[in-house]
Amino acid sequence: MIDLRLSVPALFFVIFVTGLSSCRENRTKDIRDYYFPLRELEDGLVYEYQPVHLDSLTPAYWYYRSFIQEEGVFLTGTYYEYGLVPLQLVREELVRNGMLVQDVYLYEEVADSSGQQNRTAVEVLQGSAFPFEVTDSSGVFLYKIRWAPPQDSGAVITLVKNRRYLKDTLVQALGGTHDAVVFEVRELLSYDKEGVFEQEYGGREIYAEGIGLVYYDKEIGGSRALSYALERRYPMNELEEQYEQRIRAAQ
């Protein structure tokens, strides 16, 4: 769970003496407007992320759609690879102080004999997706999931992702300049099967006001990094049309 409660000293005298410096060091910032715009996504939009400095990589497509219902407000994100095959589905719920991941599903890229993709349900152990309040000096937001890959009997994979707010910034996205916030991301991927193999990754995420995630990168060894920047947003039928055009051009 996201927990942004601040501890309050019992004595006013302590607050008065230390208050000015503490407030400067631990100012609370409301960043809810930097996440994906839930009301604008009720009809769904594709976020197309293009690789930065690596033209050999294909774009990353995420289809985001929100559901504003009596029982709650939810956001789903579906990741599609270049061949328009869904590989991951994430469902988040709006809570008082952030967005919490409720469900994660992974899909096999190759369909079975019936034409259906096999789906793996992922166990969400800690579901922090995005906090609505951060401080200048501290606060790590934990995301942790675990699953058993169906094609690797006996194996268990665990992903731990820590996000830490770094700073405010300005970013160029979708043809304009936007206020944005930067998060440091640390990942630990563990593969457990007759022993544990672990791999750590570092990276960043940048969220722009009124848009959501506009840039992310991941260090994959030494100075090498995979980086993606938001190029466009558009309805799902436009992505389907792009795919059909690629198929016709390849024939």
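Structure: above.
Treat the numbers as computed from the prediction; the structure is a model and nothing was measured.

Trainee: I'd like a rundown of the overall build of the chain, residues and numbers included.
Mentor: Per the secondary structure count, the chain includes two helices and 14 strands. Counting the 251 residues in the chain, one finds 39% classified as buried. For the chain, the proportion of contacts with a sequence separation of at least 24, taken over those separated by at least 6, is 47%. When the accessible surface of the chain is summed, it comes to about 14800 Å², and 49% of that surface belongs to carbon and sulfur atoms.

Trainee: So, the pattern of salt bridges: which residues are in play, and what are the values?
Mentor: Pairs may arise between side chains of opposite charge once their charged atoms sit close together. Enumeration over the complete set of coordinates arrives at 12 salt bridges. Between Asp168 and Lys29 there is a salt bridge, with its nearest N and O atoms 3.3 Å apart. Here Lys29 lies in strand 1 (residues 28–30) and Asp168 lies in strand 10 (residues 156–173), a separation of 139 residues in the sequence. On the basis of relative accessible area, Asp168 is assigned to the partly exposed category, the value being 40%. Under the relative-accessibility criterion, Lys29 is labelled partly exposed at 21%. For Glu187, the salt bridge is made with Lys218, and the minimal N-O distance between the two is 3.2 Å. Placement of the pair is Glu187 in strand 11 (residues 176–192) and Lys218 in strand 13 (residues 212–221), with a sequence separation of 31 residues. The exposure class assigned to Glu187 is buried, which follows from its relative accessible area of 11%.

Trainee: Outline helix 2 (residues 236–250), listing residues and values.
Mentor: In this model, helix 2 (15 residues) spans 22 Å end to end at C-alpha, consistent with the 21 Å of a helix rising 1.5 Å per residue. Listed in full, the buried residues belonging to helix 2 are Met236, Leu239 and Gln242. When helix 2 is viewed along its axis, its buried side chains cluster within an angular range of 120° and face the same direction.

Trainee: An account of the pairing of strand 11 is needed here, citing residue identities and associated values.
Mentor: Bridge count for strand 10 against strand 11 is 17 bridges, and the pairing is antiparallel. Each residue of the ladder has a partner; that of Lys161, found in strand 11, is Glu187. Across 13 bridges, the pairing between strand 11 and strand 12 (residues 196–208) is antiparallel. Its bridge partner being in strand 12, Val181 is matched across the sheet by Tyr207. Hairpin connection between strand 11 and strand 12: a loop of three residues separates the two successive antiparallel strands, and Glu194 in this loop has a positive phi of roughly 55°.

Trainee: Please give an account of the side chain of Glu81 that cites residues and values.
Mentor: Within the secondary structure layout, Glu81 lies in the loop between strand 4 (72–80) and strand 5 (86–95). Here the side chain of Glu81 touches Gly83 through a polar contact of 2.6 Å, landing on its backbone nitrogen. Sequence-distant contacts of Glu81, that is, excluding residues within four places in its chain, are made with Tyr61, Leu87 and Glu109.

Trainee: Lay out unusual backbone geometry in plain terms, naming residues and giving numbers.
Mentor: The backbone of His53 shows a phi angle near 70°, a positive value even though the residue is not glycine. What makes His53 exposed here is its relative accessible area of 78%. Not every positive phi belongs to a glycine, and Leu84 is a case in point at roughly 60°. Turning to its location among the elements, Leu84 is positioned in the loop between strand 4 and strand 5.

Trainee: How would you explain the nonpolar core if you had to name every residue and give the values?
Mentor: Formed by 45 residues in total, the largest nonpolar core has its most connected members in Phe36, Tyr47, Tyr49, Phe130, Phe183 and Val214. Residue contributions to this core peak at five residues, all from strand 10. Listed in part, the eight residues of the second largest apolar core include Val46, Tyr63, Tyr234 and Leu239.

Trainee: Now, about the packing of aromatic side chains: what can you tell me, with residues and values included?
Mentor: Evaluation of the coordinates by the stated rule reveals 15 aromatic pairs. Considering the side-chain rings of Tyr216 and Tyr228, the 5.4 Å spacing of their centres and the 15° angle between planes classify their relative orientation as stacked. One end of the pair, Tyr216, is in strand 13; the other, Tyr228, is in strand 14 (residues 224–234), with 12 residues separating them in the sequence. For Tyr228, a relative accessible area of 13% corresponds to the buried category. It is Lys218 that lies over the ring of Tyr201; its NZ or CZ is 5.1 Å from the centre. Lying over the aromatic face of Tyr82, Arg246 brings its terminal NZ or CZ to 3.8 Å of the ring centre.

The rules behind these values
- Residues numbered from 1 in each chain as written.
- Predicted model: local features only at pLDDT ≥ 70, side-chain atom pairs only at ≥ 80, totals over all residues.
- Heavy atoms only, no water.
- Helix = DSSP H or I, 4+ residues; strand = E, 2+ residues; numbered from the N terminus.
- Buried < 20%, exposed > 50% of the residue type's maximum accessible area, 1.4 Å probe, protein only.
- Contact = heavy atoms within 4.5 Å.
- Areas by Shrake-Rupley, 256 points an atom, 1.4 Å probe, with all protein chains shown as cover.
- Salt bridge = Lys/Arg side-chain N within 4 Å of Asp/Glu carboxyl O.
- Expected span 1.5 Å × (residues − 1).
- Arc of directions from axis to C-beta.
- Pairing = 2+ DSSP bridges.
- Polar contact = N/O pair within 3.5 Å; in protein donor to acceptor, adjacent residues only side chain to side chain.
- Core = buried A, V, L, I, M, F, W, Y, C linked by side-chain atoms within 4.5 Å.
- Phe/Tyr/Trp six-rings, centres within 6.5 Å; stacked < 30°, edge-to-face > 60°.
- Lys NZ or Arg CZ within 6 Å of the ring centre and 35° of its normal.

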